[in-house]
Amino acid sequence: MNHWEVVIGIETHAQLATRSKIFSGSPTAFGAEPNVQANAIDIALPGVLPVLNKGAVECAIRFGLAVGAEIAPRSVFARKNYFYPDLPKGYQISQYELPVVVGGQVVIQVGEAVKTVHLTRAHLEEDAGKSLHEAVGQPFRGKSGIDLNRAGTPLLEIVTEPDMRSAAEAVAYARALHTLVRWIGICDGNMQEGSFRCDANVSVRPVGQANFGTRREIKNLNSFRFMQQAIDYEVQWQIATLEDGGCIEQATVLFDPETGETRAMRSKEDAHDYRYFPDPDLLPLVIDRPWIERVQGELPELPTAKRERLTADYGLSAYDALLLTASAELAAYYEASVGAAGRSNAKACANWMMVDLAARLNRENREITDAPVSARQLGGMVARIADGTISTTIARKIFDALWNGEGDSADEIIDKQGLRQITDSGALESLIDTLLAANANMVAEFRAGKEKAFNALVGQVMKASKGKANPQQVNELLRKKLG
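This structure is a prediction, so every number in the text was calculated from the model and none was measured. (Residues numbered from 1 in each chain as written. Predicted model: local features only at pLDDT ≥ 70, side-chain atom pairs only at ≥ 80, totals over all residues. Heavy atoms only, no water.)

Peer 1: What exactly am I supposed to notice about the overall build of the protein chain here?
Peer 2: Scanning the protein chain for helices and strands turns up 15 helices and 17 strands. Whereas a compact globule of 483 residues would reach a radius of gyration of roughly 23 Å, the protein chain reaches 30 Å, over 25% beyond that. With respect to the principal axes defined by its C-alpha atoms, the protein chain has extents near 95 × 55 × 55 Å. Counted over contacts in the protein chain with a minimum sequence separation of 6, partners at least 24 positions apart contribute 68%. Considering the protein chain, the positive charge centre built from 52 side chains and the negative charge centre built from 61 side chains are found 5 Å apart. (Helix = DSSP H or I, 4+ residues; strand = E, 2+ residues; numbered from the N terminus. Rg over C-alpha atoms; globule rule 2.2 N^0.38 Å. Contact = heavy atoms within 4.5 Å. Lys, Arg positive; Asp, Glu negative; His and termini not counted. Charge placed at Lys NZ, Arg CZ, Asp CG, Glu CD.)

Take a look at the structure:
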């Protein structure tokens, strides 16, 4: 493995968040009965003409601006010719020589390493239909069905340079791109529904060799875990094949999650196999400067800029900022919680979100937008920890109560359940004296050098106070009394 270098490029199909298809007025909603969302244009009846969806173009412009690409002032739609049962026209309307977005880059982080992945292009195209080989009911059992609901769905195909050198980098890029397209509102990113699909072009070459090896394209990877597994397997297979004296043939392959293996589906086509030519039914797409400037003005603060601001304004580490900007909703929740807790408690808010809140969301399979504890409630609770009203132990009880809807705020639950932290030195000293007298053996063990006995005594005090004693004060007073 050390003698080989891995080379990976990614092609991603992002379904654009428009209500209607790219060249027709049919709806794009997921989950409809087969073939009820396909009109005369989608099924290619004779004489129909495509009309470009302006919303899809604006999505492409937003993406191009977000990745620092050139928005082509003039781009052209082409026909990509191939024959498959789910492609009614016998060609797919796409872009070839003159795409709408040229260049750009996406910054990724793998561990501590930061890397820039360069984009070749991003172009608009229509999706094909879907062939159904399983679960086709009577009277068609044993046959394949064609569902044309997806035919004509608007896609932005985003193509990288072959910049990635490991499966980890490929997954980091896919995650970063997934975050970005959702962040700027051009794609819902639902991988299970096919809204965000990645193809990985993988090859290997001896370390130091300038020429690329022969690539194989792994199609339709619809989860980050499968992408990691598929690329790792493909790399090992290619290396083993070459070291055994074999050769790699260019091919399209599929990943089987059950076996963890890739298998060849067909020989890989090149551009000339598709006989691209400009679509005579569609005029060139012209995008002027005022249009670009208007879209630029509507863009939100982008993930990279927000990460830089979070580290500068709140003192977060680059890693924390990366986690808290995994989605626009998560970042908004964080900033709202800091607004409720106070800027001095920004790190504490981050810790509560990344540990306790994240664990509970994962356990109940919820998204941040569905969290029972609001950002205001979490921030209010963190503020009460900071001002000494409650301890972290009590805070976890309050967090549970807020999660279960037992109060509107931490303050309400504190008052209702009598959870204010005991900070009165006299009361704590009296409690400690009583417990020291009752635990003479532990006192003797501590004075004999057993530090565990001290921790046990702290635990006894906290238990006797029902968790309401200030832990720091307990430690200080206990050590003072034990000499």
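Peer 1: Sorry if this is basic, but what is going on with the pattern of salt bridges here?
Peer 2: Proximity of charged atoms lets side chains of opposite charge pair with each other. The tally for this structure, following the rule as stated, stands at 28 salt bridges. The shortest N-O distance in the salt bridge between Asp-127 and Arg-150 comes to 2.8 Å. Of the two residues, Asp-127 sits in the loop between strand S8 (113-126) and strand S9 (130-132) while Arg-150 sits in the loop between strand S10 (145-147) and strand S11 (154-160), which places them 23 residues apart along the sequence. Accessibility assignment for this pair places Asp-127 and Arg-150 in one class, buried. A salt bridge links Arg-289 to Glu-293; the nearest nitrogen and oxygen atoms lie 3.9 Å apart. A residue pair is termed a helical-turn pair when its members lie 3 or 4 positions apart in one helix, as Arg-289 and Glu-293 do in helix H4 (residues 289-298) at four residues. Three or more residues are tied together by salt bridges with common partners; here these are Glu-301, Lys-306, Arg-309 and Glu-335. (Salt bridge = Lys/Arg side-chain N within 4 Å of Asp/Glu carboxyl O. Buried < 20%, exposed > 50% of the residue type's maximum accessible area, 1.4 Å probe, protein only.)

Peer 1: For this particular structure, what's the right way to read the packing of aromatic side chains?
Peer 2: For any pair of aromatic rings, the description rests on two quantities: the centre-to-centre distance and the angle between the ring planes. Taken as a whole and judged by the stated rule, the model has eight aromatic pairs. Summarising the aromatic geometry, the rings of Tyr-274 and Tyr-276 are spaced 6.1 Å apart at their centres and angled 70 degrees between planes, so their arrangement reads as edge-to-face. Owing to a relative accessible area of 23%, Tyr-276 belongs among the partly exposed residues under this scheme. The interplanar angle of 40 degrees and the centroid separation of 5.9 Å between the aromatic rings of Trp-352 and Phe-399 together place this pair among those described as tilted. Here Phe-399 lies in helix H10 (residues 392-403) and Trp-352 lies in helix H8 (residues 346-363), a separation of 47 residues in the sequence. Its relative accessible area of 7% is what places Trp-352 among the buried residues. Members of the aromatic cluster, joined through ring pairs, are Tyr-82, Tyr-96, Tyr-274 and Tyr-276. For Arg-216, the ring lying beneath its charged end belongs to Trp-237, and the centroid distance is 4.1 Å. (Phe/Tyr/Trp six-rings, centres within 6.5 Å; stacked < 30°, edge-to-face > 60°. Lys NZ or Arg CZ within 6 Å of the ring centre and 35° of its normal.)

Peer 1: Can you help me understand the nonpolar core in this one?
Peer 2: Across soluble globular proteins, nonpolar side chains have a tendency to be buried as a group. Counting 73 residues, the largest nonpolar core has Phe-63, Leu-124, Ile-158, Tyr-173 and Ile-231 as the members making the most contacts within it. With eleven residues, helix H2 (residues 167-183) is the single largest residue contributor to this core. Aside from chain neighbours lying at most four places away, what touches Ile-231 is Ile-8, Ala-167, Ala-170, Ala-200, Val-202 and Ile-218. Membership of the second largest hydrophobic core comes to 36 residues, among which are Ile-368, Met-381, Ile-390 and Ile-398. (Core = buried A, V, L, I, M, F, W, Y, C linked by side-chain atoms within 4.5 Å.)

Peer 1: Looking at this structure, I do not really get the side chain of Arg-360. What am I missing?
Peer 2: Mapped onto the fold, Arg-360 is located in helix H8. Those residues in contact with Arg-360 that lie beyond four places of it in its chain are Phe-399, Asp-400 and Trp-403.

Peer 1: Where do I start with the sheet that holds strand S16 (residues 277-278) in this structure?
Peer 2: In sheet architecture, strand pairing relies on hydrogen bonds along the backbone and comes in two forms, parallel and antiparallel. Overall, antiparallel pairing links the three strands, which are arranged S5-S4-S16 in an open sheet. The sheet is open, and its two edges are formed by strand S5 (91-95) and S16, each paired on a single side. Relative to S5, strand S4 (residues 77-81) runs antiparallel, the two being bridged by five bridges. Across the sheet, Asn-81 pairs through a bridge with Tyr-91, a residue of S5. (Pairing = 2+ DSSP bridges.)

Peer 1: Hey, could you run me through the pairing of S8 in this one?
Peer 2: Consecutive side chains along a regular strand alternate between the two faces of the sheet. Looking at chain direction, strand S6 (residues 101-102) and S8 are connected through two bridges and run antiparallel. Bridging from a neighbouring strand, Val-102 pairs with Arg-121 of S8. Across six bridges, strand S7 (residues 105-110) lies against S8 in antiparallel orientation. The residue of S8 that forms the bridge with Val-106 is Val-117. Hairpin remark: S7 followed by S8, antiparallel, with two residues in the connecting loop; positive phi at Gly-111, about 65 degrees. Summarising the sheet, S8 and S11 pair through seven bridges and their orientation is antiparallel. Bridging from a neighbouring strand, Glu-125 pairs with Leu-155 of S11.

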